[in-house]
Amino acid sequence: MKFTKMQGLGNDYVYVNCLEEQIENPKEVAIKVSDRHFGIGSDGLILIKPSEKADFFMEMYNADGSQSEMCGNGIRCVGKYVYDFGLTKKTEVAIDTLAGIKYLTLHIEDGKVATVTVDMGEPILEAKEVPVVSEESQFMNQEVTVLGNTYHMTAISMGNPHGVIFVDDVKNFPVHEVGRELEVHEYFPRRANIEFLEVIDKKTANMRVWERGSGETLACGTGTCASVVAGVLNDKVNREVLVHLLGGDLLIEWREEDNHVYMTGAATTVFTGEIEL
C-alpha cells in the first residue's frame, strides 16, 4: 500500500489515494498503520476517494479502528494532498465527509499548500443531534461528575460530538484521567471528543483535547471549533479566537452573518512510502 504521512499541528494521519488504491478492511488497516511501534505511527487513517457530490470524499478511521465523521486537522491535509500531488488545480475545493460537504480555501506558497481555511459549517447545538443525553433542548454549562469531581460542560457537534470544559490551568489539568472517563460517559451515546479550554483573554485561549478513539492528541480541528463556539455561548471569548494547542495554533472565527465556523491552520507532509499489509 502506498501512503503519505501528513500532520496538521501534530495531529497526524496516514493518507491513501483511493482513486488509485483499493483498501480492504480499512478498520484493520487503521489499527495496523497507527501503531507507533510496529506500524507507521499516526492518530488514524484517512482515505481520499472519488465523490459524486463534491471534488473528493474523505473517509477517516481512528487509531483504534473506529470510524469518525470528520476531522478538522485531517481535512486540511486532504486539501494539501489533492493540490500538491496534482489531483486538482483548484484552490477552492469541496470535500465530502460523513458530516457533509466542507469547503476549503487553499493558501499557496512556492507552488505548495501552506495553510488551509475550512468552512466547517454551522455548529449543532440541539442536544439530541449532538448527540448528548439531556433534559434540556441544549446541553449548556451543565454539571457532570467524574472521579469524584464536578465540572461544567457544554456539548456541541461540529459533525462529530464534543464536550467542552473550561479550566483555569490546562497545562496541569488531568486530561487523560478526566478525558478517558468523559469520552465514554453515559451522556454520550456515540462517545465524544472532550476539550479542555483555558481562556487567556477574549481573543486568545489554550486547549488540550482527548479524542474519541485516539486518546490525547496534539490538536483537534473540530474540537477547537466547538470550544470557541462554547466560549462564545458562555460569554468567555469573542467570535474570533487564536487557540494555542500542543501542536501549534488555529485561528477560529464564528461569523454572525452566516453562522458558520471558519478554521485556518497549517497542513504538512511528513513523508511518503509503501507498507506491506
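About the thresholds
Residues numbered from 1 in each chain as written. Predicted model: local features only at pLDDT ≥ 70, side-chain atom pairs only at ≥ 80, totals over all residues. Heavy atoms only, no water. UniProt positions renumbered as here; feature names shortened; annotations may be inferred. Helix = DSSP H or I, 4+ residues; strand = E, 2+ residues; numbered from the N terminus. Rg over C-alpha atoms; globule rule 2.2 N^0.38 Å. Buried < 20%, exposed > 50% of the residue type's maximum accessible area, 1.4 Å probe, protein only. Contact = heavy atoms within 4.5 Å. Areas by Shrake-Rupley, 256 points an atom, 1.4 Å probe, with all protein chains shown as cover. Lys, Arg positive; Asp, Glu negative; His and termini not counted. Charge placed at Lys NZ, Arg CZ, Asp CG, Glu CD. Core = buried A, V, L, I, M, F, W, Y, C linked by side-chain atoms within 4.5 Å. Expected span 1.5 Å × (residues − 1). Salt bridge = Lys/Arg side-chain N within 4 Å of Asp/Glu carboxyl O. Polar contact = N/O pair within 3.5 Å; in protein donor to acceptor, adjacent residues only side chain to side chain.

Looking at an unreviewed UniProt entry, one finds the protein chain named Diaminopimelate epimerase and attributed to Candidatus Scybalomonas excrementavium. Under the UniProt heading Subcellular location (unreviewed entry), the entry covering the protein chain gives this text: "Cytoplasm".

S.K.: Sorry, what's going on with the overall build of the protein chain here?
M.R.: Along its length, the protein chain carries 4 helices and 18 strands. Rg of the C-alpha trace for the protein chain: 18 Å, near the compact-globule value of 19 Å for 277 residues, within the 12% margin. Its C-alpha atoms put the protein chain at 50 × 40 × 35 Å along the principal axes. Residue burial in the protein chain is summarised as follows: out of 277 residues, 56% are buried. Sequence separation of at least 24 residues holds for 61% of the intrachain contacts in the protein chain that already meet a minimum separation of 6. Only carbon and sulfur atoms are counted for the fraction: they give 45% of the accessible area of the protein chain, which is about 12100 Å². Here the protein chain carries 25 positive and 44 negative side-chain charges, and the mean point of each set is 3 Å from the other.

S.K.: What exactly am I supposed to notice about the nonpolar core here?
M.R.: In this structure, Tyr15 and Met58 are the most contacted members of the largest nonpolar core, which totals 52 residues. In this structure, methionine 58 is in contact with Ile46, Leu47, Met70, Cys71, Gly74, Ile75, Val78, Ile95, Asp96 and Thr97, ignoring residues within four places of it in sequence. Counting 21 residues, the second largest nonpolar core, distinct from the first, contains Val144, Tyr151, Val167 and Val175.

S.K.: Explain helix H2 (residues 72-84) here, please?
M.R.: Each α-helix winds once per 3.6 residues, and so residues spaced three or four apart point in a common direction. For H2, with 13 residues, the first-to-last C-alpha span of 19 Å sits near the 18 Å given by 1.5 Å per residue. Burial analysis of H2 places 13 of its 13 residues in the buried class, the great majority of the element. Glycine 86 occupies a position one or two residues after H2 and carries a positive phi of about 75°.

S.K.: Honestly, the pattern of salt bridges in this entry has me stumped. Any pointers?
M.R.: Side chains that differ in sign of charge can pair as their charged atoms come close. On inspection of all chains with the given rule, the structure shows 14 salt bridges. As a salt-bridge pair, aspartate 12 and arginine 36 come within 2.9 Å of each other at their nearest N and O atoms. Note that aspartate 12 is positioned in strand E2 (residues 11-17) and arginine 36 in the loop between helix H1 (26-34) and strand E3 (44-49), a separation of 24 residues in sequence. On the accessibility criterion, aspartate 12 (7% relative accessible area) is buried. Overall, the relative accessible area of 49% leaves arginine 36 in the partly exposed class. For lysine 53, the salt bridge is made with aspartate 96, and the minimal N-O distance between the two is 3.8 Å. With lysine 53 in the loop between E3 and strand E4 (56-62) and aspartate 96 in strand E6 (residues 92-97), this pair connects stretches of sequence that are 43 residues apart. A relative accessible area of 63% places lysine 53 in the exposed class. Judged by its relative accessible area of 6%, aspartate 96 falls in the buried class. Connected through salt bridges with shared partners, the residues Lys5, Asp12, Arg36 and Asp43 form a single ionic network.

S.K.: I keep staring at the side chain of arginine 208 and nothing clicks. Help me out?
M.R.: Assignment of secondary structure puts arginine 208 in strand E13 (residues 204-211). Separated by 3.4 Å, the side chain of arginine 208 and the backbone oxygen of phenylalanine 173 make a polar contact.

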